[in-house]
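# A structural walkthrough
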Amino acid sequence: MTFRPLLTVLAASLVLAGCAKLPLAPKYEVPAVDTPIAFKEGEGAWVPAAPADTLERGAWWELFDDPYLNDLAAQVEVSNQNVAAAVAAYAQARALTREQRAGLFPRVDLDVRSNRSGGPDTPTRKSYEWSIGASWEPDVFGRLRLVVDSARAGEQIAEADLASAQLAAQGELVANYFGLRETDVLHALQAQTNAGYARALQITRNRYEAGVVARTDVLQAESQYANARADLLSLERQRATFEHAIAVLVGKAPANFAIPVDPKWSVKLPGIPPVVPSTLLQRRPDIAAAERSVARANAQIGIERAAFFPSLNLTGSIASSAASIGDLFSASSLVWALGSSVAQMIFDAGGTQARVDQARGALDESAARYRQTVLTAFQAVEDQLAGLRVLTAQQSLRADASRAADLVEQQVLNRYEAGQVGYTEVITAQQNAAAARRALVQAQIDHQLAAVSLIQALGGGWGGFGSMASTAP
């Protein structure tokens with residue numbers, strides 16, 4: 001008779017667990033997105049976006065065939081503080097999942113005590129106690145399981161955020177490195193240009209001293225040479241800025257970091273595959289994070305709806321108290337207790353329904369943000385494919401323009417020495433040639449940066465495609 005109420009509650013909980021087939025949360029489906037049939041700026045068919053961000057991306061920066069860049073990029077995952085923060089956030093999310101999963105199981109506590117008591121007229125007494133208590137909330141309607149699912153989705157979001165932080169830091173490093181190397185190349189070009197201006201200045205002075213030209217020619221040559229040297233200093237300042245940025249990205253103080261100058265560095269472009277599989281778009285970690293945010297919002301609806309249903313708690317304990325340790329485990333000193341409780345919300349003025357409605361609104365918001373993320377990803381890939389197509393043609397034209405400007409510069413300088421043209425024409429030809437050389441280098445770097453942006457838009461490379469690097473003309 002003593003156990004009959006408890007057995008009744010246990011039987012009722014088992015029946016509820018077996019009969020609670022009505023799901024608290026809506027059936028989860030990935031939000032539909034308006035997906036094009038094929039790339040507008042390339043070949044290959046789109047596929048419905050789905051998270052595949054855990055696929056191995058590989059060291060995509062190695063496509064650019066630069067050993068120094070490879071060494072720097074390898075340091076980002078280890079030393080970059082933004083990445084370190086994302087790693088810590090991911091560890092927190094994993095711990096939260098384990099904490100929520102622990103709620104599915106009973107909790108058992110042990111309590112052991114030793115007491116001494118007495119007074120002036122009474123002898124000292126000793127007593128010993130121990131107790132073991134257990135409590136458990138059966139997941140009758142699935143609320144605790146939904147809490148675990150929500151925490152797991154949060155863990156996956158943190159994992160995707162970590163991948164995003166790594167990809168962003170790597171991309172920023174590569175862009176800054178190419179910017180630094182661009183200044184190295186431009187510095188070398190500017191030094192050559194300055195040397196030409198110095199020679200032209202000397203020629204002009206000789207002609208002035210011979211009474212062939214006016215002093216204004218010398219002043220123009222001096223002005224041009226001084227401005228060119230100032231341009232050289234500007235490039236040095238730009239290089240220092242890039243170098244400082246790279247130092248921070250690899251987790252070092254700028255004062256303790258330096259990259260050797262390489263004036264002979266050449267632009268190398270990875271071979272872009274003729275067909276870029278759109279399945280690789282699924283590897284974008286921001287898409288994965290957005291989709292898992294939808295899943296978490298979906299689970300949250302069920303968590304809020306669980307407040308409409310009763311919650312069951314089972315407790316039990318066994319304890320013993322004795323004057324000596326030897327009697328603690330005797331049957332006569334043991335005391336046990338079993339209990340159960342059922343709690344049901346009866347009236348809250350619509351508060352629970354309001355929270356359910358909020359959760360549904362959050363689901364709609366997450367779905368909209370997911371669709372926007374996917375569409376933005378489509379746009380980014382199309383933009384970079386278009387940019388690569390245009391920059392390929394532009395780079396060839398810039399190379400032709402630079403060669404022609406160099407020939408004009410030399411011919412005009414020869415005519416000036418022969419007294420056939422004024423010095424103004426020399427200045428114009430030299431400035432045009434220098435600008436054409438800079439424009440060619442800029443086009444090459446822009447082409448390289450567009451390749452980096454395409455790799456990032458695809459979530460970090462294209463796998464086995466385009467593993468060969470080509471040297472830009």
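Residues numbered from 1 in each chain as written. Predicted model: local features only at pLDDT ≥ 70, side-chain atom pairs only at ≥ 80, totals over all residues. Heavy atoms only, no water.

## Observations regarding the overall build of the protein
In terms of helices and strands, the protein carries 8 helices and 6 strands. Each helix and strand of the protein, ordered N terminal to C terminal, gives the series α-α-α-β-β-α-α-β-α-β-β-α-α-β. Within the protein, the proportion of its 473 residues that are buried is 39%. When the accessible surface of the protein is summed, it comes to about 25400 Å², and 56% of that surface belongs to carbon and sulfur atoms. (Helix = DSSP H or I, 4+ residues; strand = E, 2+ residues; numbered from the N terminus. Buried < 20%, exposed > 50% of the residue type's maximum accessible area, 1.4 Å probe, protein only. Areas by Shrake-Rupley, 256 points an atom, 1.4 Å probe, with all protein chains shown as cover.)

## Quick word on the nonpolar core
In globular proteins that are soluble, nonpolar side chains generally tend to be buried together. Residues W60, F64, L72, L173, F178 and I246 are the most contacted members of the largest nonpolar core, which totals 47 residues. Counting residues per element, the ones that place at least two in this core are α2 (67-79), α3 (81-102), α4 (143-209), α5 (215-249), α7 (351-417) and α8 (423-457). Aside from chain neighbours lying at most four places away, what touches L72 is L173, Y177, I246, V250, F257 and I259. Judged by nonpolar contacts, the second largest core, of 13 residues, contains V412, L413, Y423 and I427. (Core = buried A, V, L, I, M, F, W, Y, C linked by side-chain atoms within 4.5 Å. Contact = heavy atoms within 4.5 Å.)

## A look at the packing of aromatic side chains
Under the counting rule described, the total for this entry stands at 8 aromatic pairs. Ring plane angle 70° and centroid distance 5.2 Å describe the contact between F64 and F178, whose orientation is recorded as edge-to-face. Pair noted here: F64 is in the loop between α1 (4-19) and α2 and F178 is in helix α4, with a separation of 114 residues, a long-range link. Residue classification places F64 among the buried residues on the basis of a relative accessible area of 2%. Here the aromatic rings of F141 and F309 are separated by 4.9 Å at their centres, their planes lie at 35°, and the arrangement is tilted. A residue pair is termed long-range when its members are at least 10 positions apart, and F141 in the loop between β2 (122-136) and α4 and F309 in the loop between α6 (285-305) and β4 (311-322) qualify at 168 residues. Grouped by ring-pair contacts, the aromatic residues F64, Y68, Y177, F178 and W265 constitute a single cluster. Against the face of Y68 rests R181, its NZ or CZ located 5.7 Å from the ring centre. (Phe/Tyr/Trp six-rings, centres within 6.5 Å; stacked < 30°, edge-to-face > 60°. Lys NZ or Arg CZ within 6 Å of the ring centre and 35° of its normal.)

## Focus on unusual backbone geometry
One non-glycine residue, D65, lies in the positive phi region at around 55°. Tracing the backbone shows D65 in the loop between α1 and α2. Residue D65 is classed as partly exposed on the basis of its relative accessible area, which comes to 43%. Phi is positive for A349, which is not a glycine, with a value near 60°. The topology assignment puts A349 in the loop between β5 (334-343) and α7.

## Description of the pattern of salt bridges
Tallying each qualifying case throughout the model produces 18 salt bridges. Of the charged contacts, one joins R94 and E155 as a salt bridge, the two residues approaching to 4.0 Å between their closest N and O atoms. Remark: E155 occurs in helix α4 and R94 occurs in helix α3; sequence separation between them is 61 residues. Given the relative accessible area of 41%, R94 is considered partly exposed. A salt bridge links E137 to R143; its shortest N-O distance comes to 3.3 Å. For E137, a relative accessible area of 23% gives the class partly exposed. Because the salt bridges share partners, they merge into one network encompassing R181, D184, R239 and E243. (Salt bridge = Lys/Arg side-chain N within 4 Å of Asp/Glu carboxyl O.)

## Let's talk about the confidence of the model for the protein
Averaged over all residues, the pLDDT of the protein is 84; the fraction at 70 or higher stands at 86%. The weakest mean pLDDT in the protein belongs to strand β6 (residues 469-471) at 36; the strongest belongs to α5 at 94. Scored below 50 in pLDDT, residues 44-51 makes 30 contacts in the model with residues more than four places away or belonging to other chains. (pLDDT = per-residue confidence, 0-100.)

## Section: the pairing of β4
The pairing of β2 with β4 spans 9 bridges and is antiparallel. For S135, the partnering residue across the bridge sits in β4 and is T315. Of the strand pairs in this sheet, β4 and β5 are connected by 10 bridges, and their pairing is antiparallel. The residue bridging S320 from the neighbouring strand is L334, located in β5. (Pairing = 2+ DSSP bridges.)

## Section: the environment of W60
By the element assignment, W60 lies in the loop between α1 and α2. With relative accessibility at 3%, the residue W60 sits in the buried group. Distance from W60 to P270, taken between C-alpha atoms, is 9.9 Å for residues 210 residues apart in sequence. Engagement of the side chain of W60 in a polar contact is seen with the side chain of Q170, the distance being 3.3 Å. (Polar contact = N/O pair within 3.5 Å; in protein donor to acceptor, adjacent residues only side chain to side chain.)

## Digging into α2
Given a rise of 1.5 Å per residue, 13 residues ought to cover 18 Å, and the 19 Å separating the end C-alpha atoms of α2 matches this to within 8%. Every buried residue of α2 is accounted for by L69, L72, A73 and V76. Considered in projection along α2, the buried side chains sweep an arc of 100° and stay on one side of the axis. The exposed set on the far side of α2, more than 90 degrees from its buried face, consists of P67, D71 and V78. The elements touched by buried residues of α2 are α3, α4 and α5. (Expected span 1.5 Å × (residues − 1). Arc of directions from axis to C-beta.)

## Things to note about the sheet that holds β2
Backbone-to-backbone hydrogen bonds join strands into a sheet, with any given pair of strands oriented parallel or antiparallel. Strand order in the open sheet made by the 4 strands is β1-β2-β4-β5, with antiparallel pairing throughout. Only two strands of the sheet have a single partner each, and these edge strands are β1 (107-119) and β5. Strand-to-strand twist of the sheet, defined as the mean angle between neighbouring strand axes without regard to direction, takes the value 15°. Two elements, β1 and β2, share 12 bridges in a ladder whose sense is antiparallel. By the bridge assignment for β2, L110 is matched with I132. (Axes fitted to C-alpha atoms, helices over the stretch in contact; angles between N-to-C directions.)

## What to know about the packing of α6 against α7
Closest axis-to-axis distance for the α6/α7 pair is 8 Å, and the angle between their directions is 170°. Considering the angle they form, α6 stands roughly antiparallel to α7. Viewed along their axes, α6 and α7 form a crossing whose handedness is left-handed. Across the contact of α6 with α7, the residue classes break down as 13 nonpolar, 6 polar and 6 charged. (Parallel < 35°, antiparallel > 145°, perpendicular 65-115°, else oblique. Left-handed = near helix turned anticlockwise from the far one by under 90°. Nonpolar A, V, L, I, M, F, W, Y, C, P; charged D, E, K, R; others polar.)

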